[in-house]
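The residues making up each chain are set out below.
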Amino acid sequence: MKTTATISTDSNSRSAPAKSSKAAAAAAVSAPPSPPLTPCRVSADDFAKQAFDFLVIGGGTAGLAVASRLAAATSPSLTVGVIEAGGVVASSSRDHVEIPAMYGRALGGCHDWGFETAPQAGLRGRSLPWPRGKVLGGTSALNFMTWNRASRADYDAWEALGNAGWGWDDLLPCFKQSETFHPPSKALAGEHDVSHDPGLFGSSGPIQVSYSTDYSPSHRLWHRTLHALGIATNPAHVGGSNVGVWTNVNAVDPRTASRSYATSYCASSPPNLHILTDATVHRIILAQDRGECRATGVRFACQGREHVALASREVILSAGTVSSPQILELSGIGDPGVLSRAGVPVVVENPRVGENLQDHLMLPMVFEVDPDLENPDKLKQDESMAAAAMERYVRDRNGPLTVLPCSMAYVPFNHFVSDERLAAMSRQAGELAAFDADKRPVLQQRLDGTANLGQVEYIFDLGNWSTRFQGTEGKQYGTMLLMLQYPFSVGSIHIRPGATPEDQPVIDPGYYAGAHGQLDLQAMKEGARFAARITATEPLAGIMRGAASPPASTVSDEHRLKEWIADNTMTDWHPVGTCGMGGRAGIEGGVVDERLRVYGVRGLRVVDASVMPLQISAHLQATVYAIAEKAARMILDDVGEETEAGAASMGKVEEGMKC
Ligand SMILES: Cc1cc2nc3c(=O)[nH]c(=O)nc-3n(C[C@H](O)[C@H](O)[C@H](O)COP(=O)(O)OP(=O)(O)OC[C@H]3O[C@@H](n4cnc5c(N)ncnc54)[C@H](O)[C@@H]3O)c2cc1C
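Residues numbered from 1 in each chain as written. Predicted model: local features only at pLDDT ≥ 70, side-chain atom pairs only at ≥ 80, totals over all residues. Heavy atoms only, no water.

1. A closer look at the site of the ligand
Every one of the 38 residues lining the ligand counts as a neighbour, but Thr61, Glu84, Thr139, Val281 and Gln621 are closest to it. Glu84 is positioned with one of its side-chain polar atoms (N or O) 2.6 Å from an oxygen atom of the ligand. Note that an oxygen atom of the ligand is positioned 3.4 Å from one of the backbone N or O atoms of Val135. Across the complex, the protein chains shield 98% of the 1000 Å² of accessible surface that the ligand would expose by itself. When contributions to the shell around the ligand are tallied by element, the ones reaching two or more residues are α3 (61–74), β13 (280–289), α9 (320–330) and α18 (621–644). (Near = heavy atom within 4 Å. Polar contact = N/O pair within 3.5 Å; in protein donor to acceptor, adjacent residues only side chain to side chain. Areas by Shrake-Rupley, 256 points an atom, 1.4 Å probe, with all protein chains shown as cover. Helix = DSSP H or I, 4+ residues; strand = E, 2+ residues; numbered from the N terminus.)

2. As for the UniProt feature "active site" (unreviewed entry) in the chain
Mapped onto the present numbering, the UniProt feature "active site" (unreviewed entry) falls on His574 and His619. Taking the farthest pair of C-alpha atoms as the criterion, the annotated set spanning 46 residues converges on one region, since that pair is 7.1 Å apart. For His574, the location among the structural elements is in the loop between β25 (570–571) and β26 (604–606). Apart from the residues lying within four places of it in its own chain, the contact partners of His574 are Arg132, Gln358, Asp359, His360, Gln615, Ala618, His619 and Leu620. Here His360 takes part through its side chain, which lies 2.8 Å from a polar atom of the side chain of His574. Take His619: it is sitting in the loop between β26 and α18. Classification of His619 as buried rests on a relative accessible area of 11%. When sequence neighbours within four positions are dropped, the list of residues in contact with His619 reads Thr146, Asn148, Met408, Tyr410, Glu457, Ile459, Asp572 and His574. (UniProt positions renumbered as here; feature names shortened; annotations may be inferred. Contact = heavy atoms within 4.5 Å. Buried < 20%, exposed > 50% of the residue type's maximum accessible area, 1.4 Å probe, protein only.)

3. Brief notes about the UniProt feature "binding site: FAD" (unreviewed entry) in the chain
Per the UniProt entry, the sites bearing "binding site: FAD" (unreviewed entry) are Val135, Thr139, Val281, Trp573 and His574 in this numbering. These annotated residues cover 440 residues of sequence, and their C-alpha atoms reach 23.3 Å apart at the extremes, leaving them scattered rather than at a single site. With respect to the helices, strands and loops of the structure, Thr139 is situated in the loop between β4 (129–130) and β5 (146–147). For Thr139, a relative accessible area of 23% translates into the label partly exposed. Within polar-contact distance, the side chain of Thr139 engages the backbone nitrogen of Gly133 at 3.1 Å. On the secondary structure map, Trp573 appears in the loop between β25 and β26. Excluding residues within four positions of it along the chain, Trp573 makes contact with Pro131, Arg132, Phe144, Asp359 and Met362.

4. Some details on the packing of helix α5 (residues 152–160) against helix α6 (residues 168–178)
Between α5 and α6, the least distance of the axes is 9 Å, while the angle of their chain directions is 115 degrees. Here α5 contributes Arg152, Tyr155, Asp156, Trp158 and Glu159 to the contact with α6, which in turn contributes Trp168, Asp169, Asp170, Leu171 and Phe175. By residue class, the composition of the contact of α5 with α6 is five nonpolar, no polar and five charged. (Axes fitted to C-alpha atoms, helices over the stretch in contact; angles between N-to-C directions. Nonpolar A, V, L, I, M, F, W, Y, C, P; charged D, E, K, R; others polar.)

5. Topic: the nonpolar core
Buried together is how nonpolar side chains tend to be arranged in soluble globular proteins. Among the nonpolar cores identified, the biggest contains 165 residues, and Val66, Trp158, Trp222, Ile284, Phe300, Tyr458 and Leu596 are the most heavily contacted of them. Take this core: its biggest share by element is 11 residues, from α18. Residues Tyr103, Tyr410, Ile459 and Trp465 belong to the second largest nonpolar core, which totals 14 residues. (Core = buried A, V, L, I, M, F, W, Y, C linked by side-chain atoms within 4.5 Å.)

6. A short note on the sheet that holds strand β7 (residues 207–211)
What the four strands build is an open sheet, ordered β5-β9-β7-β6; its pairing is mixed. Single-partner strands in this sheet number two, and they are β5 and β6 (179–182). Summarising the sheet, β7 and strand β9 (residues 249–250) pair through two bridges and their orientation is antiparallel. Bridged to Tyr211 within β9 is Val249. Packed on one face of the sheet, α6 meets β5, β6 and β7 and runs near 70 degrees to β6. (Pairing = 2+ DSSP bridges.)

Laid out in structure tokens, this is it:
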């Protein structure tokens, strides 16, 4: 069985960032190759000649999952095509993608779209880099491999908005279907506070998930420190509540100690799945079909030439939270004001396209730590240490290059915010208008003082994670990351005036902007003070040598802390919502219905992180795979019904007519 993926050198031509000494040392002894996706050269012309039933735009996290499920379920009767803008992982980037502890190395390189936000007033004018994967596997090839789920309440909130079938009970089988969980050994479980309920995980899905075998020395202090602050270990953190402290699971295949990501879905790809790489979709072809607007295919560019590929049943847009709204707008689906400024004729009016953008805000607080501890920064500073770590990884598949951040805790606000302050925040939230009427009560309820939700995520690990704090030679650092899980800041992604398909869209997450953003700033201030308390609590306090960024005096000063937060907040890389499900509000509240069908267009769905109507308290990838699993089921159900109703009678379509 073969996956037909073209390999072009185009997407690899952007220069990679300067290699660190660690990377240079690592390159000297490279990891042995893991089995790649079997690519076979096919020209864009040959791809475009295929008669596709389904065309998937974007071979990323959701795109490969949904495409391979459709192909496998219908093999060989229905033909599925995937068009991916990036290429397969370049040999020069392979270690950065595959080796767990090299997470982050691929950012800014040839497999990153290199997006940037608009200058953010709430961040005192800063623009933030917004990395996204431009490679087969999409952002699942670049992410940090954390594997978790949000709480039952988060998915039930989607359903409560009127999106039937999206509650926890409906999604749990989809989560399980995507994963194969590898339980830890008894010795490992005892040594590293690893606890799990195997019944909550899947056992035969494409993504391999496991606990690390090696940990930072600070991890053995983590659970006891949080216990001392009244936060208990949650042994079932993927079972419907993420609240508590736990040791994290990762998307790592323990058999090879390497990243497990979306390309695994294609490992046994059926002959009816065709993947074209290094080809960028410019727009969806919309045509008039017996009084309805219908998606019939796409226009895409490959090596400077434009091509057309047609789909007789559906076009599935899986280009991610940034590019999916961009492609809809370039195709004429969106807010008439945005489209007319961009010079795009309006085909379907929908003012919600690109709106409702929600991201997790992240703050890295850096502390000086015991310099004698094993610290990942030492691998960056000492070439011989880096080379030894690589030799060990290649030989034994363990050691420092398998260490990932695993010390996690999700903490409700009522654990560290006073009742009076929470009540004031809740009142403020009820008065805010940027979210639609159905969403407001959900957000407000989260602040009512009784919510047992993981409102702030804390991760502690050794190493300096801050891009702004430089540190002093000879000193070693650790970082407490805090991440706001239910942001009130809300923004948008839209094409620019006069945009061409190659132009980046305007990304404006609205961090800390307006009255909504002020609520987030307030929450971050409270969260930062609790972070300082965690690091001052034994036994973690025992390895601390003092606050580095921010200095301790800033944490206790209201005004300076606010400024420091504005200067240091970054993205946690979890944007959602720009093609959100509309629920009972329909087209007034979103872009797709609960079956992920774009309002006003037949034969067009969106399947990726952008469909989440409200942000969740979790890292996103497990949920994105679950969305893709569910979407594949829905599409197959709908195709079955359509076939029974006589798909053969589908009318002839005419391109370019206003729907
Ligand atoms: C640095 C970073 C760290 C992260 N860490 C974690 C983590 O540890 N755990 C976790 O759960 N989540 C993490 N995430 C988030 C998670 O990886 C993403 O939310 C998820 O992978 C998004 O999946 P998606 O299918 O929506 O989009 P993507 O995976 O980005 O897929 C979109 C695909 O569409 C392609 N595409 C876009 N435009 C076009 C076009 N015009 N034509 C053709 N193809 C196109 C892209 O190249 C890409 O392959 C992280 C994200 C980042 C950036």
